[in-house]
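# Report on the structure
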Amino acid sequence: MIVWHFFRVFIHLIAGLLTCAVVFPFAHDARRDYLVRRWSVKLLAICTVDVAFKDKSEGAVNASAMIVSNHISWLDIFVINTLHPCHFVAKSDIRNWPLLGWLCEKAGTIFLVRGRQRDVRRIYEGLVHQIEAGKRIAFFPEGTTASQGNVLSFHANLFEAAIEARVPVQPFVLRYLDAQGQFHTAADFIGDMTFAESMRIILLAPRMTAELVRLPTIPTDGAHRRDVARLARAAVMQELGVVEI
């Protein structure tokens, strides 16, 4: 059975690669968004991951807002894409993943080399231009994944792009739940776990629900990036019920 599931994922990846290579160069933005959303929905279905969306934004939704979220798994990108196809900022390691790395790049993912200040500056300037051009940008300010029930410190650097582009920050919260409503540990992608290992665990695990919660926007006018990062983290922690120790 696991071989069949891996085969289905492989075929779906190939279909995505062909779409990026053949269709994307000639498609307008709305068409690309539709294709990314549809592909993400299908991938999650193959992985037996359902998505439940909860809107707690209190009507404060801005199409050009910069999206931030806690980070648990490689699944996170595709869960968010089922609602808002985005250009993600992700660690450069993902670019080296077989097939999926190339697919993420063609879908607009921006890869960041950790520890390189010059790289952060280059990407920051590119983010400002993309936001001003109407692109929807998303990133995970923890910089890496954390096990469920934990929220790491939020790095503030990339929040500066939202401030300079004069757009609000829209926090999202992700959690993966089992049939009893408890954290589904199969979603955790931490430590030295490889993508293939994570995929195997998810495909063998009972069905899970990815709960995606949209929180109210955080204004950035006249704000400092550290303050915006602090407010975003506090909002995520409150929704998750995580207490700072």
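Quick summary incoming for the structure in this document.

Definitions and cut-offs
- Residues numbered from 1 in each chain as written.
- Predicted model: local features only at pLDDT ≥ 70, side-chain atom pairs only at ≥ 80, totals over all residues.
- Heavy atoms only, no water.
- 1 Å grid on protein atoms, 1.4 Å probe; cavity = no way out; pocket = protein on both sides within 12 Å on 5 of 7 lines; lining within 4 Å.
- Points joined across faces, edges and corners; volume = space filled by probe spheres on them.
- Nonpolar A, V, L, I, M, F, W, Y, C, P; charged D, E, K, R; others polar.
- Pairing = 2+ DSSP bridges.
- Helix = DSSP H or I, 4+ residues; strand = E, 2+ residues; numbered from the N terminus.
- Axes fitted to C-alpha atoms, helices over the stretch in contact; angles between N-to-C directions.
- Salt bridge = Lys/Arg side-chain N within 4 Å of Asp/Glu carboxyl O.
- Buried < 20%, exposed > 50% of the residue type's maximum accessible area, 1.4 Å probe, protein only.
- Parallel < 35°, antiparallel > 145°, perpendicular 65-115°, else oblique.
- Contact = heavy atoms within 4.5 Å.

## Some details on empty space enclosed by the protein
Unfilled space is identified by rolling a water-sized probe across the atoms. This structure, assessed with the given rule, holds two cavities of 30 Å³ or more. Looking at the largest cavity, its volume works out to about 70 Å³. Together, His71, Ser73, Trp74, Ile77, Lys91, Ile94, Trp97, Thr145 and Phe189 line the largest cavity. Among the residues making up the lining of the largest cavity, the classes are represented as five nonpolar, three polar and one charged. Roughly 60 Å³ of volume is contained in the second largest cavity. When the residues that make up the lining of the second largest cavity are grouped by side-chain class, the tally is five nonpolar, six polar and one charged.

## Looking at the sheet that holds strand β2 (residues 66–69)
The seven strands lie next to each other as β1-β7-β6-β2-β5-β3-β4, forming an open sheet whose pairing is mixed. For this open sheet the edge positions go to β1 (49–55) and β4 (110–112), each flanked by a neighbour on one side alone. Pairs of neighbouring strands in the sheet enclose a mean axial angle of 25°, with direction left out of account. Here three bridges tie strand β3 (residues 87–91) to strand β5 (residues 137–139), and the two strands are oriented parallel to one another.

## Overview of the pattern of salt bridges
What the rule picks out here adds up to nine salt bridges. Where Asp55 meets Arg214, a salt bridge forms, and the shortest distance between an N and an O atom there is 2.8 Å. Here the residue Asp55 occupies a position in strand β1, and Arg214 occupies one in strand β7 (residues 208–214), the gap between them amounting to 159 residues. Exposure remark for Asp55: the relative accessible area of 42% places this residue in the partly exposed category. Asp227 is the salt-bridge partner of Arg230, the closest N and O atoms lying 3.8 Å from each other.

## Some remarks on the packing of helix α1 (residues 2–23) against helix α2 (residues 29–46)
The axes of two packed helices give the description: the angle between them and the distance between them. Where α1 contacts α2, the two axes come as close as 10 Å, and the packing angle between them is 170°. In this view, α1 runs roughly antiparallel relative to α2, as classed from their interaxial angle. Note on element contacts: α2 touches α1 through Leu35, Trp39, Lys42, Leu43 and Ile46, opposite His5, Arg8, Val9, His12, Leu13, Gly16, Thr19 and Val23.

Remember, this is a structural readout, not a statement about activity or role.
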